[in-house]
Amino acid sequence: MIGLISATAAGAAARDRLAAAWPDRTRVYEGPVGEAVRAAFAECGQLVCFLATGAVVRLLAPLLGDKAADPGVVCVDESGRFAVSLVGGHGGGANELAREVAELLGAEPVVTTATDSAGMAGLDTLGLPCEGSVAAVSRALLDGEPVALEAEVAWPLPPLPVAPQGAYTIRLTDRAVPAGEREVLLRPPSLVVGVGASKGAPAEEILDLVGEALREAGLSPRSVGELATVDAKAGEPGIVAAAERLGVPLVTYSAEELAGVAVPNPSAAPLAAVGTPSVAEAAALVRGGELLVPKRKSERADGQPAMATCAVVRRPARGRLAVVGLGPGARDLLTPRAAAELRRASVLVGLDQYVDQIRDLLRPGTRVLESGLGAEEERARTAVAEARRGQAVALIGSGDAGVYAMASPALAEASDDIDVIGVPGVTAALAAGAILGAPLGHDHVSISLSDLHTPWEVIERRVRAAAEADLVVTFYNPRSRGRDWQLPKALAILAGHRAPATPVGVVRNASRPDESSRVTTLAGLDPATVDMMTVVTVGNTATRTVAGRMVTPRGYRWQESTREETR
């Protein structure tokens, strides 16, 4: 919950805008400011104070304890010009909150944390538990000193400017080892603990068993990513409480699914009780991995039979492939989600000219794998291969990566051994449509006229179907030096079903500095003026030119009523 505190009418107005925008995330604290700050500090995970920073510093000073536990605090000035991350920039999430508040209020975020200012991912913001000399290693990274990354476990990380060797070390490990003097330990959630339990098994017995199993195997409890069991035990109070105490999700599987997992220590008891010869080992192994701790039973001080079993597996790292659409070219048409994925990726794969568009957004340490035109399938294979190595990968394409771009070849290569995230972008058809007016106001279709991958017979059949169906048509890849006859042929097919005066929009380099556009007609379009950087949109029988803009009405009835009104 975010506590909102203000002292003046201007502050209250901005406060109320946040409260209205985030009704489920915020709570307004009224009354004297000092009391409001103290109450919010004790009750909320974050605060936004519409007060002077000096005043907030004095109010917070006696309340501050541990930066790992204190709430993040953002200050907004009276005029709403700045959102200042004051306390808890990383641990309390104040840096990100300042950016969110600034975006909502139209303010400027002020973030002074050194790693953020340098565009580098903070070691304590990677989403992984960390231990050791975070400040010293972070300073070494910022100063350009060699910092080595020792990845004992493969896990997707954001980019870090690391070296093969160095006096400082970042170690990615799930082993229970102490951090060295110049070392940071990152704990990936690489361990799955399978649990079986009798009805009524106490949470303490389960937790003691799990803790002992991890200690004896030399594994860190901070790397436990989940507890796993059979569906029949999904509501078992002791197992549910154990997962809550460990702070990990409880994942369950059907008895049938677990029965199909080969395990070293099957037993007749769980088979009779829940329908599978193994619960603990099978639940830990069901998604693959290395069995580090075979099934073991709890020990009870009263000599009664054990009520719990557990097994520990190191699951294989799942790489992450984000297929990112960059939009048509203008920076302000790059979505915030796309920008976030570019900053998150440790490996970027893309066409060289697209990489140049967004190179300044990449964080230090990002490995860039770029290639030229015609290497689409090679880029797709490369991106998937890097993800399979456990990397966080961004594969970029223009417009929307799923529209005549990199998503389809990449997903054809990818299997279910990696996580794939699609990030939509503004397509060329949409960017051109916005420039032309509203040509896509009714049913429409996009057709690529490139026959490099699709036989012309197939393309022609699709153009003819669109013509007969009276669909607005946007042509991608309309004409190149080596393909100069396809566009005239496609236009001739459409001309067989539409009047010569049908509006046609031509947009070249939509949203880029050298953008150009014009509205002409089906009869008036000269195909020789079109190239591969151009999008051609041909209207349907209802499309009209209104004040120089193409307009396709949402329905034919609307068009008829418009004609009546203009007579």
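Here the structure is a predicted model, which means the values were calculated and not measured.

> Requested: an account of the overall build of the protein chain, with residues and values cited.
Across its full length, the protein chain carries 19 helices and 28 strands. For the protein chain, the residues scored as buried account for 47% of the 567 residues in total. Accessible surface, the protein chain as shown: approximately 26300 Å² in total, 52% of it carbon and sulfur. Of the charged side chains in the protein chain, 56 are positive and 67 negative, and the gap between their average positions amounts to 3 Å.

> Tell me about the environment of Val 193, residues and numbers included.
For Val 193, the position within the fold is in strand S11 (residues 191-197). Accessibility expressed as a relative area gives 0% for Val 193, which makes it buried. Ignoring anything within four residues of it in the chain, the contact list for Val 193 reads Val 210, Val 224, Glu 226, Leu 227, Ala 228, Cys 310, Ala 311 and Val 312.

> Any details on unusual backbone geometry? Residues and values, ideally.
Peptide bonds are mostly trans, and most non-glycine residues show a negative phi. The phi dihedral of Asn 509 falls on the positive side, at around 50 degrees, and the residue is not glycine. Tracing the chain through its elements places Asn 509 in the loop between strand S24 (503-508) and strand S25 (516-521). One non-glycine residue, Ser 511, adopts positive backbone phi at about 75 degrees. Along the chain, Ser 511 turns up in the loop between S24 and S25. What makes Ser 511 buried here is its relative accessible area of 19%.

> Talk me through the packing of aromatic side chains; I want residue IDs and the actual numbers.
Taken as a whole and assessed by the stated rule, the structure comprises two aromatic pairs. For the pair Tyr 404 and Tyr 476, a centre-to-centre distance of 4.7 Å together with 55 degrees between the ring planes defines the contact as tilted. Linking Tyr 404 in the loop between strand S19 (392-397) and helix H15 (407-413) with Tyr 476 in strand S23 (residues 472-476), this pair joins segments that are 72 residues apart in sequence. Taking relative accessible area as the criterion, Tyr 404 reaches 44% and is therefore assigned partly exposed. Ring centres of Trp 456 and Trp 485 lie 5.1 Å apart, and the angle between their planes is 70 degrees; this geometry places the pair in the edge-to-face category. Separated by 29 residues along the polypeptide, Trp 456 in helix H17 (residues 456-468) and Trp 485 in the loop between S23 and helix H18 (486-495) bring together distant segments of the chain.

> For the pairing of S19, give the residues involved together with the corresponding values.
Burial of S19 is extensive: six of the six residues sit out of reach of the surface. Of the two faces of S19, the one lined by Ala 392, Ala 394 and Ile 396 and the one lined by Val 393, Leu 395 and Gly 397 are each fully buried. The pairing of strand S16 (residues 320-325) with S19 spans six bridges and is classified as parallel. Looking at S19, one finds that Leu 321 is bridged to Val 393.

> Tell me about the nonpolar core, and name the residues and values.
Counting residues in hydrophobic clusters, the biggest one holds 23 residues, and the most contacted among them are Val 193, Ile 206, Leu 214, Val 224, Leu 227 and Val 312. Mapped onto this core, the elements with two or more residues apiece are S11, helix H7 (203-217), strand S12 (224-230), helix H8 (237-246) and strand S15 (308-314). It is H7 that contributes the most residues to this core, six residues altogether. The next biggest cluster of nonpolar side chains, apart from the first, holds 21 residues, and it includes Trp 456, Ile 459, Ala 467 and Val 536.

> How would you summarise the sheet that holds strand S2 (residues 26-28) if you had to cite specific residues and measurements?
Overall, mixed pairing links the six strands, which are arranged S2-S1-S3-S4-S5-S6 in an open sheet. Only two strands of the sheet have a single partner each, and these edge strands are S2 and strand S6 (108-110). Across this sheet, the average inter-strand angle for adjacent strands is 25 degrees, counted without regard to direction. Pairing analysis gives five bridges linking strand S1 (residues 2-6) to strand S3 (residues 46-50), with the strands arranged parallel. Bridge pairing in S3 places Ser 6 opposite Phe 50. Along the sheet, helix H1 (residues 9-21) contacts S1, S2 and S3; its crossing angle with S1, the most-contacted strand, is approximately 160 degrees.

> Talk me through the state of the cysteines; I want residue IDs and the actual numbers.
If you walk through the whole model with that rule in mind, you get zero disulfides. Cysteine Cys 44 remains unbridged, with the sulfur of Cys 49 as its closest cysteine sulfur at 10 Å. No disulfide involves Cys 49; its nearest neighbouring cysteine sulfur is the one of Cys 75, lying 5.4 Å away. Residue class for Cys 49 comes out buried when judged on its relative accessible area of 0%.

> Tell me about the pattern of salt bridges, residues and numbers included.
As enumerated under the stated definition, the model contains 31 salt bridges in all. Among the ionic pairs, Arg 296 bridges to Glu 212, the shortest N-O distance being 3.3 Å. Taken together, the positions of Arg 296 in strand S14 (residues 290-297) and Glu 212 in helix H7 put the pair 84 residues apart, joining distant regions of the chain. On the basis of relative accessibility, which here comes to 27%, the residue Glu 212 falls in the partly exposed class. For the salt bridge of Arg 389 with Glu 386, the shortest nitrogen-to-oxygen distance reads 2.9 Å. A relative accessible area of 52% places Arg 389 in the exposed class. We classify Glu 386 as buried; its relative accessible area is 7%.

Quick notes on the rules
- Residues numbered from 1 in each chain as written.
- Predicted model: local features only at pLDDT ≥ 70, side-chain atom pairs only at ≥ 80, totals over all residues.
- Heavy atoms only, no water.
- Helix = DSSP H or I, 4+ residues; strand = E, 2+ residues; numbered from the N terminus.
- Buried < 20%, exposed > 50% of the residue type's maximum accessible area, 1.4 Å probe, protein only.
- Areas by Shrake-Rupley, 256 points an atom, 1.4 Å probe, with all protein chains shown as cover.
- Lys, Arg positive; Asp, Glu negative; His and termini not counted.
- Charge placed at Lys NZ, Arg CZ, Asp CG, Glu CD.
- Contact = heavy atoms within 4.5 Å.
- Phe/Tyr/Trp six-rings, centres within 6.5 Å; stacked < 30°, edge-to-face > 60°.
- Pairing = 2+ DSSP bridges.
- Core = buried A, V, L, I, M, F, W, Y, C linked by side-chain atoms within 4.5 Å.
- Axes fitted to C-alpha atoms, helices over the stretch in contact; angles between N-to-C directions.
- Disulfide = S-S within 2.5 Å.
- Salt bridge = Lys/Arg side-chain N within 4 Å of Asp/Glu carboxyl O.

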